[in-house]
Number of protein chains: 2
Amino acid sequence: MQSVLEERKDLLERELAMMVGNSIELSDSELKANEIIMNLKHDEIQRGFLHPKQFNLSKHFFEYKDEVKKTKLFQIIQSMPKGAVLHAHDTGLLSPDYVLALTYWEDLWVCWTEDKSFTEFYFSKIIPAFPCDTEWELMSEARYASGDVEQFDADLRKHFTIVIDNPNEVYTDVNAVWQKFQQYFISTGNLFSYKPVYEQYYYDTLLEFRKDQVMYLEIRSTLQSLYDLDGNVFDAVETAVTYKRVTEKFMKDYPDFFGAKLIYAPLKLVDKATLQEYIRTALLIQRLMPDFLVGFDLVGQEDLGVPLREFLPELAEIREQLDLYLHAGETNWYGTASDENLFDAVVLGAKRIGHAFALTKHPLLMEEVKKRQIALEINVVSNSVLKLVQDPRNHPLATYLSQNMPVLLSSDDPGVWEALPMSHDFYVTFVAVASRHADLKLLKQLALNSLYYSSYPEKHKLVHAFEIRWTKFIDAIVKDKW
Amino acid sequence: MQSVLEERKDLLERELAMMVGNSIELSDSELKANEIIMNLKHDEIQRGFLHPKQFNLSKHFFEYKDEVKKTKLFQIIQSMPKGAVLHAHDTGLLSPDYVLALTYWEDLWVCWTEDKSFTEFYFSKIIPAFPCDTEWELMSEARYASGDVEQFDADLRKHFTIVIDNPNEVYTDVNAVWQKFQQYFISTGNLFSYKPVYEQYYYDTLLEFRKDQVMYLEIRSTLQSLYDLDGNVFDAVETAVTYKRVTEKFMKDYPDFFGAKLIYAPLKLVDKATLQEYIRTALLIQRLMPDFLVGFDLVGQEDLGVPLREFLPELAEIREQLDLYLHAGETNWYGTASDENLFDAVVLGAKRIGHAFALTKHPLLMEEVKKRQIALEINVVSNSVLKLVQDPRNHPLATYLSQNMPVLLSSDDPGVWEALPMSHDFYVTFVAVASRHADLKLLKQLALNSLYYSSYPEKHKLVHAFEIRWTKFIDAIVKDKW
C-alpha cells in the first residue's frame, strides 16, 4: 500500500514537472500573486466541475466573450504582460466598431448587393468605375438617406464581424463559418486598402495590442495593393514599406513598444506561376528591408487550399533565403493533405508552425518539433470559432502543454470574432485548456515563449523589458491594484 | 530539394508503421478486400472533406446512427468478426424496442409520476407494496385502458432510450445527459431485476452480440439483487450465479460462442463501509466461481463520483486477490480528481482502464500504459453521446491509434443510445477517428486486441477461431457476398 501511494505521488509530481512553465521558480511576491490567481481559477473550475452547464468556456465563444470580461481573473490576465504576438493577420485585428467608424471617413462609396447581404467599398472623389450589382452610393448620403442612422450602422456593422446570435445554427460546419469569415475580408478589401485607412488601421492595431499588454508583433500580411484618391495604385512592395514606416512612427510615439516585423503571407489557393510571383515579391522586399521582412507563409482555409507538398520545390528554394513560418495542420481531419502539411512544414525547416491543431496525431512529428524547437503558434479561440473544436477542454494544446512542447499563444484574427488582442486567448487557455494545476508559471512561460520564438534580433532586451513589466504586474496583484 | 522529399517520405512511412495494426501483413485476399473497403472509406471521407456539412459522423450520433446503416461500408463492418466486447454494462445493452416488449410480460405493474416523466415497474401477483406517487396499475390494464395502444407504447418507449430529436438543446452538458442516462437505469431497475426477465435479457444480450459478430463478452454488472413472484429476493451472489448459468445455457445452444466472464462493477458514489461490503461480496463470488468472476471495477458518472484515491487502500488490498478493470479518466477536465483517477488505475496495476479519455494529457502515464500493456477500453460512441467530445475526429483515440497504444474498442451501453452492439463503434472509429490511411489492418488489429487483452484463459483458441471467421469474412467481401 505504501508503495502504491508513493508511486502515485512520484508519477504525479514528475508529470507536473514536465508541464510548460514548471521549470520557472516563483519569487515570494510571485507566490503571493499565484495564490490569488489560483484561488480565482479554482473557484471557476470547481463551479464548472459541479455544474458544467454554468462553465462559460464550454459554451460558444460568442456567448461568453463579454461575460468573462467581468471576472476578476480575466481582468488580472488583461493587465498581464503578454510578450509578443506572433500569429496575427493584417486586417482581421480590430473590432467591428472600429471598422464601422472607418465608414465615416470622407469620400467613401458603398455598393450593396440587391439583398444587402454583401457590401463593397471604395474611396473616391467621383463615382467608382467598378461594376456594382445595384449602384454606388456615397456612404455619407446613403447613411443619412436611410432615415435611421442607428439602424443603418447596426446593419452595416454586421458586415464587419462574424459574431451572430445563433452561431450553432448558422455556422453548421467549417465551410459555413469560413465562408462568412472570408466574406469579411472580401467585403472590407477596398475599405482597408485605401492607403490612409490602411496606415491608420495598422497604427491603431499596434495601439490596441500595446493596450492589451503586447510588446512586439510579427504580422502576417497578404500585402494587398493599396490605392489613393489620385488614382495611384501601390504594389505589395509599397504595402510592405507602409508597414515599416508606420511601425517606425508608432515606435517614436510609443518608445516602450518593441515594434513589429513582417511575414509575407499571401493566399495559398493559387497556381505555381502565382507562387513564383509571390516568391519574387518576397525576395524583392527582403532585399529592400532585410531587417523588417522576417519570413514567408501561405494562408487560407487549409482543407481547401493547395497542399504544401505541391509547392515543395518552390518552398525549399525560398527557405534558403527567407525563413518559413508555415500554417499547417489547421484541420480536424487525419491523414488528409491538410493534415499532412505538417510533414512539409517540418521537413522544410519551418521556424514556427501556425496552428498545428492536428499534430497530436503525429507522434514522430511531435518528437521532431521538440527536437528542432519548431514553435507552435496556437490560436485556441480561433480554432473554436472556426469550428475545429467545440469545447476548448478538448483542444490539443492541453497535450502540448503537458509535455512542454515549444508552444506560444496567439490570436489569429481577434477583431473578426470580437476578442481582445490576446486576453481572451490567455484566459481560455489558462482556465479551460491547461491543467487545473497550471498556474502563474504557465502564464509567464507562455509569454516568455512568445519572446524566445520571435524573430526579434536582440531577445535579451525584450526579455529584460518583459521582466520589469512582469514585476510591476505581480506587485499590482499582490497589492490588489490591478 | 531531393533530401526534403526523401525526409518527408521517410517520416510519413515511419509514422504509418507506428499505427495500430501496421505490423499485420495482409494476404492476397485481404489485399483485395482492403481495396474494396478503402475505396468506400475514401469516398466517404472525400465527400466530407469537401462538404463537411454532409459528413454524417460529425453530426450528433442520434442523427446519423440509422442513416449510416444504409452504407455498404457499414454493412461490411457489420459482418466483420469483432472479437470480444470487454467494456459493456449489464442492463444497458439492448434496444428500447426490446425493453418495450418486456412490458408485455404478465404480472407487470407500473407506477407513473403525476407528470408521467418517470416510471417504476414491478412484477407481482398482487398490487406492489411499495409507495407510488400516483397508483400502481397492472401494465396490461393501463395499456388497454389508454385506448390507443400505439401511442401508449410510443410514450412508454421513451423511458427506455436516451435518444431524442433535439439532443443539442436538451442535453446541454454532461450532467444533463447523465441525468437522463441514469434515469433509464433507475426507471427500469425493477423491470429488469425480476429474475425471469433478468435471465432472458442477458440471454438475448448474448444473442444480439453474437449476431453482431462478437464471440466473447466480459460483462460489467452491479449485480443488483433479483426477485420473483413468490416474494423471494436473491442477493448479488445469486445474480452472479444467474449470469454463469445463463452463459452456460447459451453456450450449449450456440457452441460457436466463447462465452462470457463477469466483472463486478458496483456504483462508485459510496462510502468506505459500502466499498468494504462490495469487496467482501466480490471475494465471496470469486471463491464460488473463480473461473467466472475475473475482476472488480466501480461505476458511475466519474466527475461526481468518489475519487479512486479515496479508496486506494481498499483497492490495493483487493487487487492482491482479484484483477482490477477500472474506469478512469472518463472526463474532459484536466487536473481534477476524475482526471487523476488515471494515476490510481495505473499504480493499482489495473489490467485494463475503462475509457481513459483524458489520458492524452498525461505523457508519463501514456508511457506507463504502454510499458505495462494496460489495455484501454475505448468507447467512442459513448463518449460522444455522453458529451465528452462532440466531433469524433477530436476523440483522443486518434492519438492512441497513431502510436500503437494498447487499445480496444467497446460500446459501454449501446442499447441506451440505440447503437448496434459493436458495429457503430467500429464504423465511427474506422471512418472518423482513425487516419484516412488506416485500413483493414487496423480493423483486424482492433478485433485481435480485444482478444489479447481479454481474460479468456486459452487465448490461442479464441484467436484461432477468430482467424477462421476472418478468412470467411474476407472471402465474402472479395466475392461481394457480404
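Residues numbered from 1 in each chain as written. Chains lettered and ligands numbered in written order. Predicted model: local features only at pLDDT ≥ 70, side-chain atom pairs only at ≥ 80, totals over all residues. Heavy atoms only, no water.

(A) The relation of the copies chain B and chain A, seen in detail. Screw-axis analysis of chain B against chain A gives a translation of 0.0 Å along the axis, an RMSD of 0.0 Å, and a rotation angle of 180°. What we have between these two chains is a two-fold relation. A shared interface surface links the copies, since 98% of the contact residues of chain B are contact residues in chain A too. (Least-squares fit on C-alpha atoms with pLDDT ≥ 70 in both. Contact = heavy atoms within 4.5 Å.)

(B) Main features of the interface of chain B and chain A. Counting residues at the interface gives 66 residues for chain B, matched by 65 residues for chain A. Across the chain B to chain A interface the summed buried area is about 5900 Å²; carbon plus sulfur atoms make up 63%. Together, Arg-8, Phe-49 and Trp-333 of chain B form the three largest contributors to the area buried by chain B at its contact with chain A, with a combined 14%. At the boundary of chain B with chain A, the tally comes to four salt bridges. Its salt-bridge partner being Arg-8 of chain A, residue Asp-344 of chain B comes within 2.6 Å of it at the nearest N-O pair. At the surface where chain B touches chain A, the tally comes to 28 residue pairs in polar contact (both at pLDDT 80 or more). (Buried area = accessible area lost by both parts, 1.4 Å probe. Salt bridge = Lys/Arg side-chain N within 4 Å of Asp/Glu carboxyl O. Polar contact = N/O pair within 3.5 Å; in protein donor to acceptor, adjacent residues only side chain to side chain.)

(C) Spatial organisation of the environment of Val-416 of chain B. All names here are of chain B. Here Val-416 shows up in the loop between β13 (407-409) and α18 (423-433). Given the relative accessible area of 0%, Val-416 is considered buried. For Val-416 and Gly-92, which are 324 residues apart along the polypeptide, the C-alpha to C-alpha distance reads 5.6 Å. In this view, Val-416 contacts Gly-92, Thr-161, Ile-162, Val-163, Phe-181, Tyr-184 and Phe-185; residues no more than four positions away in its chain are not counted. (Helix = DSSP H or I, 4+ residues; strand = E, 2+ residues; numbered from the N terminus. Buried < 20%, exposed > 50% of the residue type's maximum accessible area, 1.4 Å probe, protein only.)

(D) The arrangement of the UniProt feature "domain: Adenosine deaminase" (unreviewed entry) in chain A in detail. Per the UniProt record, the feature "domain: Adenosine deaminase" (unreviewed entry) sits at residues 168-461 of chain A. The annotated region residues 168-461 of chain A carries 48% helix and 13% strand content, and the separation between its end C-alpha atoms amounts to 45 Å. (UniProt positions renumbered as here; feature names shortened; annotations may be inferred.)

(E) Spatial organisation of the packing of helix α11 (residues 236-253) of chain A against helix α12 (residues 272-288) of chain A. All names here are of chain A. It is the contact of α11 with α12, at a shortest axis distance of 10 Å, that shows an interaxial angle of 40°. Classified by the angle their axes make, α11 and α12 are oblique. In the packing of α11 onto α12, the handedness of the crossing is right-handed. Here Ala-236, Val-237 and Ala-240 of α11 lie close against α12, whose contacting residues are Thr-281, Leu-284, Ile-285 and Leu-288. Each residue belonging to the contact of α11 with α12 can be placed in one class, and the counts come to six nonpolar, one polar and no charged. (Axes fitted to C-alpha atoms, helices over the stretch in contact; angles between N-to-C directions. Parallel < 35°, antiparallel > 145°, perpendicular 65-115°, else oblique. Left-handed = near helix turned anticlockwise from the far one by under 90°. Nonpolar A, V, L, I, M, F, W, Y, C, P; charged D, E, K, R; others polar.)

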